Amino acid sequence: MAKEDSALVLKIRSIIPQLSKSEAAVAEYICANTEEVINLSVSALADCCGVSEPTVIRACRNLDFTGYQALKIALIQSLNAPVQSAVGEVNAEDGMRAVTQKVFAAAVDAVTLTRENLSLDDMKRAAKVLLGARRILIFGVGGSAAVASDVEHKFSRLGLDAVAYSDLNLQAIVAAHAKPEDVVFAISHSGSSKAVVDNTAIAKSNGATVISLSSMGKSPLTEIADISLYTSADETRYRIVAISSRIAELTIIDTLYSYISFRTGKEENLTIEKAIEDQMY
């Protein structure tokens, strides 16, 4: 049975499409030879990849490490924490049992990988910004619109002024009126949804703080974001319909909601819960 990739290797693979050709060669070699790389000097790795030492250093930094030594330390740690992959892709021959097993396994993998790669510092920064916002403008289209609605629901329960916009014209309008005290929470699986990126950029130009939620790796959306939150899922970044990554996105939102809920007024939260309870028989 083939050895399963670690969460770190899956993270590196997700970033490879964003690298230059020579940097991608370094990243590919690292993924295929993790145990060997741990014992290689930077010059030895450069020779193995047929590139220069500065290229290796640039590759490490573009993979979100401070340098080659930091990468090696992360590789050592990752060898002790392999992550089981999903059973496989759903295909036309699968019955309900197989489809259920594969979809559930993919969802569990996505949440696990996202937790392993999630920056807690960025999560804390996002929570602080959201708590201090005058308004929270939530942008998402297509499948991300449903996630945006969940953000609106969760944050509104906390008494935050949060509204989700899936209509492109409305996004543009509220972005044009954004203020420095506002926050845009922009959601895009690929990070390349043109409308979301363009409208977020409008709000950014007006001084709004931008929090992005997308799959791992650089993208047009993360380029303009002040804080970037990432999901990690074993599915292509460019799949039109994100499945398992959507579960990871919702889990990130639930985490922010839970963290923020204990940092707002407790009495106010109880009042909101009582108002919701009164709507039930």
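On a predicted model such as this, the values are computed, not experimentally measured, just so you know. Residue numbers restart at each chain and count upward from 1, following the sequence in its written direction. It should be noted that, the model being predicted, local features are given only for residues of pLDDT at least 70 and side-chain atom pairs only at 80 or more, the latter also being counted only at that level, while totals for whole chains, interfaces and linings use all residues. Where side-chain values are given, they derive from all heavy atoms of the structure, hydrogens and water being excluded.

This brings us to the overall build of the chain. Runs of E in the DSSP output that reach at least two residues are strands. Runs of H or I that reach at least four are helices, and both are numbered from the N terminus. Scanning the chain from N- to C-terminus turns up 14 helices and five strands. For the chain, the share of sequence-separated contacts (at least 6 apart) that also reach a separation of at least 24 residues comes to 68%. Per-residue and other accessible areas follow the Shrake-Rupley method at a 1.4 Å probe size, with only the shown protein chains counted as cover for residues. In the form shown here, the chain has an accessible surface area of approximately 14500 Å², with 56% of it arising from carbon and sulfur atoms. What makes two residues a contact is simply this: any of their non-hydrogen atoms within 4.5 Å.

Right, let's talk about the packing of helix α4 (residues 42-49) against helix α5 (residues 53-62) for a bit. Look at α4 against α5: their axes get within 8 Å of each other, and the N-to-C directions meet at 100 degrees. Of the possible angle classes, the one that applies to α4 and α5 is roughly perpendicular. Only Glu53, Val56 and Ile57 of α5 make contact with α4, whose side of the interface consists of Val42, Ser43, Leu45 and Ala46. The residue makeup of the contact of α4 with α5, split by class, is five nonpolar, one polar and one charged. Note on geometry: axes are lines fitted to C-alpha atoms, helical ones only across the stretch in contact, with angles between N-to-C directions running from 0 to 180 degrees. Note on angle classes: values under 35 degrees are labelled roughly parallel, values over 145 roughly antiparallel, values of 65 to 115 roughly perpendicular, and the remainder oblique. Under the convention adopted here, Pro, Cys and the residues Ala, Val, Leu, Ile, Met, Phe, Trp and Tyr are nonpolar, Asp, Glu, Lys and Arg are charged, and Gly plus all remaining residues are polar.

This part takes up the nonpolar core. Put simply, a nonpolar core is a bunch of buried Ala, Val, Leu, Ile, Met, Phe, Trp, Tyr and Cys residues held in one set by side-chain atoms that sit within 4.5 Å of each other. Per-residue accessibility, obtained with a 1.4 Å probe over protein chains only, is compared with the maximum for each type, and a residue is labelled buried under 20%, exposed over 50%, and partly exposed between these values. Formed by 29 residues in total, the largest nonpolar core has its most connected members in Ile12, Val26, Ile30, Leu45, Val56, Tyr68 and Leu71. Where this core is concerned, the elements lending two or more residues are α1 (7-15), α2 (21-32), α3 (34-38), α4, α5 and α6 (68-78). In terms of residue count, the dominant contributor to this core is α2 (six residues). Setting aside anything within four residues of it in sequence, one finds Leu71 in contact with Ile12, Ile30, Cys60 and Phe65.

So, on to the environment of Val51. With respect to the helices, strands and loops of the structure, Val51 is situated in the loop between α4 and α5. Overall, the relative accessible area of 17% leaves Val51 in the buried class. Not counting the four nearest positions on each side in its chain, Val51 is found in contact with Ser22, Val26, Ala46 and Val56.

Before going further, it helps to spend a moment on α1. Among the residues making up α1, those that are buried are Ala7, Leu8, Val9, Lys11, Ile12 and Ile15. For α1, the elements touching its buried residues are α2, α3, α5, α6 and α7 (96-117).

Here the focus is the packing of aromatic side chains. Stacked, edge-to-face and tilted labels apply to pairs of Phe, Tyr and Trp rings (six-membered ring for Trp) whose centres lie within 6.5 Å, assigned for plane angles under 30 degrees, over 60, and everything in between, in that order. Across all of its chains, the model carries two aromatic pairs by this definition. Centroid distance Phe139 to Tyr165: 6.4 Å. Interplanar angle 75 degrees. Geometry classified as edge-to-face. In this pair, Phe139 sits in strand β1 (residues 136-139) while Tyr165 sits in strand β2 (residues 162-165), placing the two residues 26 residues apart along the sequence. Of the residues examined, Tyr165 reaches a relative accessible area of 15% and is grouped as buried.

As a further point, take α6. All of the buried residues in α6 are Tyr68, Leu71, Lys72, Ala74, Leu75 and Ser78. The arc that holds every buried residue of α6, seen down its axis, measures 160 degrees, which confines them to one face. Structural note: α6 exposes Gln69 and Gln77 on the side pointing more than 90 degrees away from its buried face. Where the residues of α6 are buried, they touch α1, α2, α3, α4 and α5. For this quantity, the arc is that covered by the directions from the helix axis to the C-beta atoms.

This brings us to the sheet that holds strand β5 (residues 227-231). For two strands to be treated as a pair, DSSP must find no fewer than two bridges joining them. One open sheet accounts for five strands, arranged β2-β1-β3-β4-β5; its pairing is parallel. Every interior strand has two partners, whereas the edge strands, β2 and β5, have only one. Direction aside, the axes of adjacent strands within the sheet are offset by 15 degrees on average. Taken together, the five bridges between strand β3 (residues 183-187) and strand β4 (residues 209-215) define a ladder with parallel strand orientation. The residue of β4 that forms the bridge with Phe185 is Ile211. Packed on one face of the sheet, helix α10 (residues 168-176) meets β1 and β2 and runs near 150 degrees to β1. Seen against the sheet, helix α11 (residues 194-205) touches β1, β3 and β4 and runs at an angle of roughly 165 degrees to β3.

This part is about the pattern of salt bridges. Any two side chains of opposite charge can pair, so long as their charged atoms come close to each other. Here, a salt bridge means any side-chain nitrogen of Lys or Arg that lies within 4 Å of a carboxyl oxygen of Asp or Glu. In total, this model carries eleven salt bridges according to the counting rule given. In this structure, Asp182 engages Arg135 in a salt bridge whose closest nitrogen and oxygen atoms are separated by 3.1 Å. One end of the pair, Asp182, is in the loop between α10 and β3; the other, Arg135, is in the loop between α8 (120-131) and β1, and 47 residues separate them in sequence. A salt bridge links Asp226 to Lys204, with the shortest nitrogen-to-oxygen separation between them at 2.6 Å. Highlighted residues: Asp226 in the loop between α12 (220-224) and β5 and Lys204 in helix α11, separated in sequence by 22 residues. Given the relative accessible area of 34%, Asp226 is considered partly exposed. Connected through salt bridges with shared partners, the residues Arg134, Arg135 and Asp182 form a single ionic network.

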